[in-house]
Amino acid sequence: MRIVYDDTMQGTMAAVGEFMDALNVGEIVRYEWGTDRVQMHMLREKLGAYLEYYRMSIGNTVTHAYGIGNNCQYPVYYHPEGVDEIQQCGNINLNSDPYGGGYVSCENYNGKRIGAAYEVNTHSVIIK
């Protein structure tokens, strides 16, 4: 199986926005380090399960911007039916805030944002 860079399905990454609009934040908040915190690994798992419907997945390879461990960028793959290849159609940023929140945004290969950015706090999702 080969991985190719193909932004044809990049528009399908709008499903991330649909997911964020419907997200029940209470399901991904846990008490940790003396306060309630958004658990970005749980958000990633839920988002990954949601994207399966669109034949997409979040890759396991993580890149940390500026070498900072809470700035996580993952590739987003599209799995075309009947083809023995995976298409990387963009990237998703799942960044943790040191105060218990998080940020979600999608980018293309050139680092240009696709769609809205989202701030996730322990009570709600705010579109940026």
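This section reports on the structure supplied with the text. Keep in mind the model is a prediction, meaning the values are calculated, not measured.

With that settled, the discussion passes to the overall build of the protein. Along the protein, the regular secondary structure elements total 2 helices and 10 strands. Tracing the protein from N to C terminus, the helices and strands come up as β-α-β-β-α-β-β-β-β-β-β-β. Against the globule reference of 14 Å for 128 residues, the protein gives a C-alpha radius of gyration of 15 Å, in line with a compact fold. Seen along its three principal axes, the alpha-carbon backbone of the protein occupies a region of about 50 × 30 × 25 Å. Residues counted as buried form 44% of the 128 residues belonging to the protein. The long-range share in the protein, meaning contacts at least 24 apart out of those at least 6 apart in sequence, stands at 43%. Seen as two clouds, the 9 positive and the 15 negative side-chain charges of the protein have centres 4 Å apart.

On to the nonpolar core, then. The nonpolar side chains of a soluble globular protein tend to be buried with one another. Grouped together as the largest cluster of nonpolar side chains are 28 residues, with contacts concentrated most on Val 16, Met 20, Leu 43, Ile 92, Val 104 and Val 120. Counting residues per element, the ones that place at least two in this core are α1 (15-22), α2 (40-51), β4 (56-58), β6 (71-78), β7 (85-96), β8 (102-107) and β9 (113-120). For this core, the element with the most residues is α2, which contributes 5 residues. Contact partners of Leu 43, with chain neighbours within four places excluded, come to Phe 19, Met 20, Leu 23, Ile 28, Leu 94, Val 104 and Val 120.

So, on to the pairing of β9. With 5 bridges connecting them, β8 and β9 associate as antiparallel partners. Pairing of Tyr 103 across the sheet is with Glu 119, part of β9. Counting the residues that bridge the hairpin from β8 to β9 gives 5 residues, and of these Gly 111 lies at a positive phi of roughly 80°. In this structure, β9 lies alongside strand β10 (residues 125-127), joined through 3 bridges in antiparallel fashion. Across the sheet, the residue bridging to Glu 119 is Ile 126, located in β10. What sits between β9 and β10 in their antiparallel hairpin is a turn of 4 residues.

Let us now look at unusual backbone geometry. Non-glycine residue Trp 33 carries a positive phi angle of around 55°. Checked against the element boundaries, Trp 33 lands in the loop between β2 (29-32) and β3 (35-38). Phi is positive for Arg 55, which is not a glycine, with a value near 65°. Taking the relative accessible area as the measure of exposure, Arg 55 reaches 34% and is therefore partly exposed.

Packing of α1 against α2 leaves a shortest axis separation of 10 Å and a crossing angle of 125°. What the angle tells us is that α1 and α2 run oblique. Crossing angle aside, the handedness with which α1 passes α2 is right-handed. Contact with α1, carried on its side by Ala 15, Val 16, Glu 18, Phe 19 and Met 20, involves Leu 43, Lys 46, Leu 47, Tyr 50 and Leu 51 of α2 and no other residues of that element. Across the contact of α1 with α2, the residue classes break down as 8 nonpolar, no polar and 2 charged.

Taking 1.5 Å per residue as the helical rise, α2 with its 12 residues ought to reach 16 Å, and the 16 Å between its terminal C-alpha atoms agrees with that figure. Among all positions in α2, only Met 40, Met 42, Leu 43, Leu 47, Gly 48 and Leu 51 are buried.

Our next topic: α1. Taken together, the buried positions of α1 are Ala 15, Val 16, Gly 17, Phe 19 and Met 20. Close packing links the buried residues of α1 with α2, β7, β8, β9 and β10.

Rules behind the numbers
- Residues numbered from 1 in each chain as written.
- Predicted model: local features only at pLDDT ≥ 70, side-chain atom pairs only at ≥ 80, totals over all residues.
- Heavy atoms only, no water.
- Helix = DSSP H or I, 4+ residues; strand = E, 2+ residues; numbered from the N terminus.
- Rg over C-alpha atoms; globule rule 2.2 N^0.38 Å.
- Buried < 20%, exposed > 50% of the residue type's maximum accessible area, 1.4 Å probe, protein only.
- Contact = heavy atoms within 4.5 Å.
- Lys, Arg positive; Asp, Glu negative; His and termini not counted.
- Charge placed at Lys NZ, Arg CZ, Asp CG, Glu CD.
- Core = buried A, V, L, I, M, F, W, Y, C linked by side-chain atoms within 4.5 Å.
- Pairing = 2+ DSSP bridges.
- Axes fitted to C-alpha atoms, helices over the stretch in contact; angles between N-to-C directions.
- Parallel < 35°, antiparallel > 145°, perpendicular 65-115°, else oblique.
- Left-handed = near helix turned anticlockwise from the far one by under 90°.
- Nonpolar A, V, L, I, M, F, W, Y, C, P; charged D, E, K, R; others polar.
- Expected span 1.5 Å × (residues − 1).

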